[in-house]
Amino acid sequence: MTLITPLLVSEEQLRRMMPTAGSRLDAHWPYINEALAEGRIDTPRRITTFLAQLAHESAEYRYMEEIWGPTEAQLGYEGRADLGNTQPGDGRKFAGVGPIQNTGRANITACGLYLGIDTAADPKLLTLPQYGTRSAVWFWNTRKLSLLADRDWFKTITRIINGGLNGFSDRR
């Protein structure tokens, strides 16, 4: 028996939400509805809140890796126990990946376990289309963000994802 993935967001709707995504979105599009359905991100408010956050974090699916400066904030990833960055070089190795920019050895490794892939060895697996949106769904669900989306707590969701309100007006 083949299960049919519901169309929770059409390609036209997605491209209207992310008008500058261009061809970068093409490879990810086939996996987005499946990831949304798997994660029960299945109401208009959940879908739009989730996609708005991804649109900002990934610059509309154009960047699947954090742009490395390094900035002062990025240099601060090194040695951060709360991110699981306990080994020399973890800060850079486990910088943000995927459309929600999963960051840190602990998050990236746990996400990989959920997806059944070895992200501890290769964090960049989360940049691949078949894993990217699913990795964002993992992050979203492990933080129970659908419950916050149901209440329209957009600022709280933004703080959980980004640590602050960076790019808030763009996300909104």
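Relevant structure appears above.
A brief look at the structure comes next. (Residues numbered from 1 in each chain as written. Predicted model: local features only at pLDDT ≥ 70, side-chain atom pairs only at ≥ 80, totals over all residues. Heavy atoms only, no water.)

### Considerations on the nonpolar core
Okay, step 1: Membership of the largest hydrophobic core comes to 37 residues, with the highest contact counts inside it found for Val9, Leu14, Phe50, Leu126 and Trp140.
Okay, step 2: Those elements that place two or more of their residues in this core are helix 2 (29–38), helix 3 (44–57), helix 6 (105–115), helix 7 (129–142), helix 8 (145–150) and helix 9 (154–162).
Okay, step 3: Ranked by the residues each element gives to this core, the list is headed by helix 7, at six residues.
Okay, step 4: When near neighbours in sequence (up to four residues on either side) are disregarded, leucine 14 contacts Val9, Leu25, Trp29, Ile32 and Leu51. (Core = buried A, V, L, I, M, F, W, Y, C linked by side-chain atoms within 4.5 Å. Buried < 20%, exposed > 50% of the residue type's maximum accessible area, 1.4 Å probe, protein only. Helix = DSSP H or I, 4+ residues; strand = E, 2+ residues; numbered from the N terminus. Contact = heavy atoms within 4.5 Å.)

### A look at the pattern of salt bridges
Okay, step 1: For the structure on display, the rule yields 11 salt bridges.
Okay, step 2: For arginine 134, the salt bridge goes to glutamate 38, with nearest N and O atoms at 3.0 Å. Of this pair, arginine 134 sits in helix 7 while glutamate 38 is found in helix 2, placing the two residues 96 residues apart along the sequence.
Okay, step 3: In this structure arginine 134 comes out as partly exposed when scored by relative accessible area, which is 22%.
Okay, step 4: Judged by relative accessible area, glutamate 38 falls into the partly exposed class, the value being 34%.
Okay, step 5: In this structure, aspartate 150 engages arginine 46 in a salt bridge whose closest nitrogen and oxygen atoms are separated by 2.7 Å. Placement of the pair is aspartate 150 in helix 8 and arginine 46 in helix 3, with a sequence separation of 104 residues.
Okay, step 6: A relative accessible area of 34% places aspartate 150 in the partly exposed class.
Okay, step 7: Among the charged side chains, a network of salt bridges with common partners joins Glu11, Arg15 and Asp26. (Salt bridge = Lys/Arg side-chain N within 4 Å of Asp/Glu carboxyl O.)

### Some details on the side chain of glutamine 101
Okay, step 1: Within the secondary structure layout, glutamine 101 lies in the loop between helix 5 (90–93) and helix 6.
Okay, step 2: For glutamine 101, a relative accessible area of 12% translates into the label buried.
Okay, step 3: Among the polar contacts made by the side chain of glutamine 101, one reaches the main-chain amide nitrogen of glutamate 66 at a distance of 3.0 Å.
Okay, step 4: The contact partners of glutamine 101, leaving out residues within four places of it in the chain, are Glu57, Tyr63, Met64, Glu65, Glu66 and Gly96. (Polar contact = N/O pair within 3.5 Å; in protein donor to acceptor, adjacent residues only side chain to side chain.)

### Section: the environment of leucine 75
Okay, step 1: Among the structural elements, leucine 75 can be located in helix 4 (residues 72–75).
Okay, step 2: Taking the relative accessible area as the measure of exposure, leucine 75 reaches 54% and is therefore exposed.
Okay, step 3: Considering only alpha carbons, one finds leucine 75 and glycine 91, 16 residues apart in sequence, at a separation of 7.0 Å.

### Regarding the packing of aromatic side chains
Okay, step 1: Considering all chains together, one arrives at three aromatic pairs under this definition.
Okay, step 2: Their ring planes at 85° and their centres at 5.3 Å tell us that phenylalanine 50 and tryptophan 140 sit as a pair that is edge-to-face. With phenylalanine 50 in helix 3 and tryptophan 140 in helix 7, the pair connects residues that are 90 residues apart, well separated along the chain.
Okay, step 3: You can call phenylalanine 50 buried: its relative accessible area is 0%.
Okay, step 4: Under the relative-accessibility criterion, tryptophan 140 is labelled buried at 0%.
Okay, step 5: Aromatic side chains tryptophan 68 and tyrosine 77 sit 6.4 Å apart centroid to centroid with 50° between the ring planes, which places their arrangement in the tilted category.
Okay, step 6: Owing to a relative accessible area of 12%, tyrosine 77 belongs among the buried residues under this scheme.
Okay, step 7: The ring of phenylalanine 168 is capped by lysine 155, whose NZ or CZ atom sits 5.7 Å from the centre of that ring.
Okay, step 8: Note that arginine 172 overlies the ring of phenylalanine 154, its terminal NZ or CZ placed 4.3 Å from the centroid. (Phe/Tyr/Trp six-rings, centres within 6.5 Å; stacked < 30°, edge-to-face > 60°. Lys NZ or Arg CZ within 6 Å of the ring centre and 35° of its normal.)

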